[in-house]
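Examining the three-dimensional arrangement
Residues per chain are reported as follows:
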Amino acid sequence: MLVKYRFGNILEQSGLKRSFKVKFSQSDDFKELDDTAPERIRLVLEELGTTFIKVGQVLSTRPDLVGKEVANELAKLQDKVPPFPFESVKIVIEEELEGPIEEFFSDFEEIPIASASIAQVHRARLIDGTEVAVKVQRLNLEEQIKKDIVLMRYLARQADKRVKNLQYYNLPAIVDEFERVIELEMDFSQEARNIKKFKSNFEDDEQVYAPNVYQKLSTSRVLTMEFIHGVKISEILESDMDIDRRSIAEIGTESYFKMIFLNGFFHADPHPGNIFVIENNVLCFVDFGMVGRLDNEFMENLAELFIYTVNYDIKGMVNQMMYMRLIDDSANVEELKLDLLNILDKYYSAEINDIGGLINEFSMPGIMAKYKIRLPKDFILLGRVLTMAEDLGRKLDPTFNGISLAQPLITKIIKKKLSPLRVLDYQTQYLFEIEHLLKDLPQTMNRLLYRIESGEIKFDLQYKEMDKLTSKIETMVNRVALALIISSLIIGSSLILQTDKGMPMPVIGFSEVGLIIFAIASILALGLSISILRHRRI
C-alpha cells in the first residue's frame, strides 16, 4: 500500500522492507513528504479500510499533531463502508438487550438508513408503535480495533525511531490520541449521556433540539433514539429547497457560540450530515459520539480572550494568555505581539470572519513550539469544530458573517463575569475548601514538622553565582569591620590627646601615644577611602 502511493522509502528507512518479499524501487528525485503527501496519505487510509478511515477522521480534528495541510486533506475522508448483514445486527441486539429482537421491536427494517465505520442505523418501531432509530455497533468491532491499534503502535514507533522526516508528526502520540477517542466513541452509553447533557443545556431554546434516548433499549453497543423527521443540511446544500438558509446559518452559529462560551460542552462533529432541519426551522443535532468539554474556569477565561481578539486588543490578548498560563514565562512577549498582529491581520477585514481559522493558527506546531504554548486538547478540537461550523454557515449563505452574532453574547458574558451574584456560585465550594483546610491543618503541620525533624525533608538553596556573592559579602563585612576599628582608634586617640596623665613625653601639649594612634587611624582611613573610590563602590 505504501509502495503504491509512493511511500516506499519510508518502508526502507523504517527497517520494515525486510518483512516483505515484494521488491520495489523509488525514483531518487521523489520525496515522500512533498506537496502531494497529504492527498496520498488520505488515499492510503481510504484503501486500508474501516479503522484507518476513522484514524484519518480523528486526525482531521488535530492540526496540532499532523499540521494544517494534512488535517484539511483528512477532513475529506468520509465513511464509505458497506453495511454489515442483518444477521450480525440481530446478534448484537439480542446479546445486548438479552432477548429476541421481536420482544422489543414490532418492526425492524433490515436495510440500514446510514452506515459508517463504527456502526449503522436502522429504522424500527417499538411495541407501542413509536418510530425509532436504532444505532448498532459492528459485530466484533472492539476486538478488531484492538488488533489494529497494536499494529499501528508498532508501525508508529518504528517509523518515529528510524525515519527522521516523520518525527515531526509524533506518530506514537497520534496513535495514543486515536485510541482515546475511539474508546469513547465506541461506548454508546457515553453517547447517550452526551445527548442528555446537550438536551439539558438547550431545554429553554426552542430552535435547537436533539433526539430523545430510550434508555431501557440502549447499552454500550446499541443506542435506541427518537426517529427524526427532517432534512439533512447536506441535502439542502445539494438542492434548491425553499428554506431560509440564512436563518439556519444564524441558528447554527449562535448555538455553537452558546455551547462553547456558555455551556462548555459542544458537539464536535458538525458536518452537514449530522444536522437536520425539522419543522419551524429547528436544528436537530445527531451523532454525539465525539464531543468537546471545557471546564468553567477555562471557559470564562477563553471568553475573555475571545473578547480581546474581536476587539483587536493585542496587549489584552497577551496578558490574558499569560493569566491563563498558555504561554511559558520565558516566551519573548514583544515578538509574540508581532506574531499575533500578523495572524490577526490575516483574518481581519472590517471584522474577523473566521474565528475557527484563527484558533487553528494558534494551534499550529510551529507557533506552539516557538512560544511553548500549552493548549488543552479540547481547545484544539474547538478550532476545527468552529472552522467546520463557519464553513457550513458560508455554504448556506455566502454573505454570512457569524461574528456579528457574537456581539450580544459578548455582552452576556461580560455581565455574567462581573455580576456580584457570581460570587454565590462559588460560595459553597469555597466554604467546603476552607473547612477542609482548617480540619486538616493540624495533622498536616504535625506531619511536616516530623518529617523535617527526622531529616526526611531537607532544604537545598542554590544560587547560580553564590561564590561571587559570598566574596562580595565578605569584602563588605571586612570593610565595615575595618571602618569600625578605625572609628574606635580615632575616638580613643582623641580622648588620649586631651590628657597627658601617665604620659612621660608630651609633645607640644599633646600626648605622644595619642598622636601615634591618631596617625595610624588616619592612614588606615585614607587607605580605606582610596580602595572604595578606586572600585567606585560608595
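Residues numbered from 1 in each chain as written. Predicted model: local features only at pLDDT ≥ 70, side-chain atom pairs only at ≥ 80, totals over all residues. Heavy atoms only, no water.

**Some words on the overall build of the protein**
What counts is decided by this rule: Every helix listed is a DSSP run of H or I at least four residues long, and every strand listed is a run of E at least two residues long, numbered separately from the N terminus. The buried label goes to any residue with under 20% of its type's maximum accessible area, the exposed label to any with over 50%, and the partly exposed label to all in between, with areas taken from a 1.4 Å probe on protein chains only. By definition, residues are in contact when any of their heavy atoms lie within 4.5 Å. What sets the accessible areas is the Shrake-Rupley method with a 1.4 Å probe; for residues, cover comes only from the shown protein chains.
Each helix and strand in the protein was counted, giving 21 helices and 11 strands. The 538 residues of the protein split such that 43% are buried. Within the protein, counting contacts between residues at least 6 apart in sequence, those at least 24 apart form 64% of the total. Carbon and sulfur atoms provide 55% of the accessible area of the protein, an area that totals close to 31,200 Å².

**Quick notes on helix 9 (residues 188-201)**
The criterion, for reference: Expected span, for any helix, means 1.5 Å times one less than how many residues it has.
Compared with the 20 Å implied by 1.5 Å per residue over 14 residues, the 20 Å span of helix 9 between its first and last C-alpha is a close match. Inspection of helix 9 places F188, Q190, E191, A192, N194, I195 and F198 among the buried residues, and these make up the whole buried set.

**Considerations on the side chain of T224**
Stated precisely, the cut-off is as follows: As used in this structure description, the phrase polar contact means that two N or O atoms lie within 3.5 Å; if the pair is within protein, one of them must be able to donate a hydrogen and the other to accept it, and residues adjacent in sequence are counted only when both atoms belong to side chains.
With respect to the helices and strands, the residue T224 is situated in strand 6 (residues 222-226). Engagement of the side chain of T224 in a polar contact is seen with the backbone oxygen of L217, the distance being 2.7 Å.

**Some thoughts on the packing of helix 7 (residues 141-162) against helix 8 (residues 171-186)**
Put simply, the rule is: Every axis in this analysis is a line fitted to C-alpha atoms, fitted for helices over the stretch in contact. Angles between the N-to-C directions lie between 0 and 180 degrees. Working rule for angles: under 35 degrees goes down as roughly parallel, over 145 as roughly antiparallel, 65 to 115 as roughly perpendicular, anything else as oblique. In this scheme the handedness of a crossing depends on how the near helix is turned from the far one: anticlockwise by less than a right angle means left-handed, clockwise means right-handed.
At a minimum axis separation of 8 Å, helix 7 and helix 8 run at an interaxial angle of 165°. The orientation of helix 7 relative to helix 8 falls into the category roughly antiparallel. Two packed elements cross with a definite hand, and for helix 7 against helix 8 that hand is left-handed. Where helix 7 approaches helix 8, its residues L141, E142, I145, I149, M152, R153, A156, R157, A159 and D160 are matched on the opposing element by L171, P172, V175, D176, F178, E179, I182 and M186.

**Description of the sheet that holds strand 5 (residues 208-209)**
Put simply, the test is: In this scheme, strands are said to pair when DSSP sees at least two bridges between them.
Ordered in space as 5-10-9-7, the 4 strands form an open sheet in which the pairing is mixed. In the strand order of this sheet, the two ends are held by strand 5 and strand 7 (231-232), each with one partner. The pairing of strand 7 with strand 9 (residues 275-278) spans 2 bridges and is classified as antiparallel. Paired with V231 across the bridge in strand 9 is V277. Where helix 11 (residues 245-263) meets the sheet, it contacts strand 5, strand 9 and strand 10 (282-285), and its direction lies at approximately 50° from that of strand 10.

**Some remarks on the nonpolar core**
Convention followed: Nonpolar cores were defined as sets of buried Ala, Val, Leu, Ile, Met, Phe, Trp, Tyr and Cys residues, with membership established by side-chain atoms within 4.5 Å.
Ranked by size, the top nonpolar core spans 89 residues in total, and within it F198, I260, F266 and F285 carry the most contacts. Counting residues per element, this core draws most heavily on helix 11, at 9 residues. Counting 17 residues, the second largest nonpolar core, distinct from the first, contains I101, F108, L126 and V222.

**Thoughts on the pairing of strand 4 (residues 131-137)**
Counting buried residues in strand 4 gives 7 out of 7 residues, a clear majority hidden from the surface. What you see with strand 4 is no split at all: E131, A133, K135 and Q137 on one side and V132, V134 and V136 on the other are buried throughout. Adjacent in sequence and paired antiparallel, strand 3 (residues 119-126) and strand 4 are bridged by 4 residues, among which G129 carries a positive phi angle near 95°. In this sheet, strand 6 lies alongside strand 4 in antiparallel orientation, the contact comprising 5 bridges.

**As for the layout of surface pockets**
Test applied: A 1.4 Å probe that fits but cannot get out identifies a cavity on a 1 Å grid over protein atoms alone, an open set with protein on both sides within 12 Å along at least five of seven lines counts as a pocket, and a residue lines either if it has an atom within 4 Å of a point. Grid points are joined across faces, edges and corners, and a volume is the space filled by probe spheres set on the points. Side-chain classes follow a simple rule in which Ala, Val, Leu, Ile, Met, Phe, Trp, Tyr, Cys and Pro form the nonpolar group, Asp, Glu, Lys and Arg form the charged group, and the remainder, Gly included, forms the polar group.
In this structure, the largest pocket encloses a volume near 1,500 Å³. As for the largest pocket, its lining consists of 50 residues, of which D269, H271, G273, N274 and D287 are closest to the centre. When residues of the lining of the largest pocket are traced back to their parent elements, those giving at least two are helix 3 (50-59), strand 2 (114-115), strand 3, strand 4, helix 9, strand 6, helix 10 (233-237) and helix 17 (377-396). If you tally residues by element for the lining of the largest pocket, the top one is helix 17, at 6 residues. Classifying every residue of the lining of the largest pocket by side-chain character gives 24 nonpolar, 12 polar and 14 charged.

**Brief notes about helix 6 (residues 86-97)**
The first and last C-alpha atoms of helix 6 sit 16 Å apart over 12 residues, in line with the 16 Å expected at 1.5 Å per residue. Summarising the contacts, the buried residues of helix 6 are in contact with strand 1 (105-108), strand 3, strand 4 and strand 6. Residue E98 follows helix 6 closely and has a positive phi angle near 60°.

**Quick look at unusual backbone geometry**
The bulk of non-glycine residues show a negative phi, and the bulk of peptide bonds are trans. Of note in this structure, E98 is not a glycine but carries a positive phi near 60°. Within the secondary structure layout, E98 lies in the loop between helix 6 and strand 1. E98 gets classed as exposed once you look at its relative accessible area, which sits at 70%. A positive phi angle is found at N140, which is not glycine, with a value near 60°. Looking at the secondary structure, you find N140 in the loop between strand 4 and helix 7.

**Some words on the packing of helix 3 against helix 7**
Running from amino to carboxyl end, helix 3 crosses helix 7 at an angle of 65°, the nearest separation of the two axes being 10 Å. Overall, the two elements helix 3 and helix 7 adopt an arrangement that is roughly perpendicular. Here the hand of the crossing between helix 3 and helix 7 comes out right-handed. Across the interface between the two elements, T51, F52 and V55 of helix 3 pack against I145, D148 and M152 of helix 7.

**Some details on the pairing of strand 10**
The two faces of strand 10 match: V282 and C284 on one face and L283 and F285 on the other face are all buried. In the sheet, strand 5 pairs with strand 10 via 2 bridges, with the strands oriented parallel. Following the sheet pairing, Y209 is matched in strand 10 by C284. Judged from the 4 bridges that link them, strand 9 and strand 10 form a sheet pairing that is antiparallel. Each bridged residue has a counterpart across the sheet, and for I278 the counterpart in strand 10 is V282. Linkage of strand 9 to strand 10, two consecutive antiparallel strands, is achieved through a turn of 3 residues, within which N280 is found at a positive phi near 65°.

**Considerations on empty space enclosed by the protein**
Counting across every chain of the model gives 7 cavities of 30 Å³ or more. Those elements giving two or more residues to the lining of the second largest cavity turn out to be helix 11, strand 10 and helix 17. Here the element with the most residues in the lining of the second largest cavity is helix 11; it accounts for 5 residues. Looking at the lining of the second largest cavity residue by residue, the class counts come to 10 nonpolar, 3 polar and no charged.

**As for a nonpolar patch on the surface**
This is how it is decided: The residues that make up patches have over 30% relative accessible area and no salt bridge, and they are joined within 9 Å when like-charged or within 5 Å when they are Val, Leu, Ile, Met, Phe, Trp or Tyr. The working definition used for a salt bridge is a side-chain nitrogen of Lys or Arg within 4 Å of a carboxyl oxygen of Asp or Glu.
Judged by side-chain polarity, L441, M445, L448, L449 and I452 come together as a nonpolar surface patch covering roughly 410 Å² of accessible area. Examined against the element boundaries, L449 turns out to sit in helix 19 (residues 422-453). Using a relative accessible area of 49% as the deciding quantity, one classes L449 as partly exposed.

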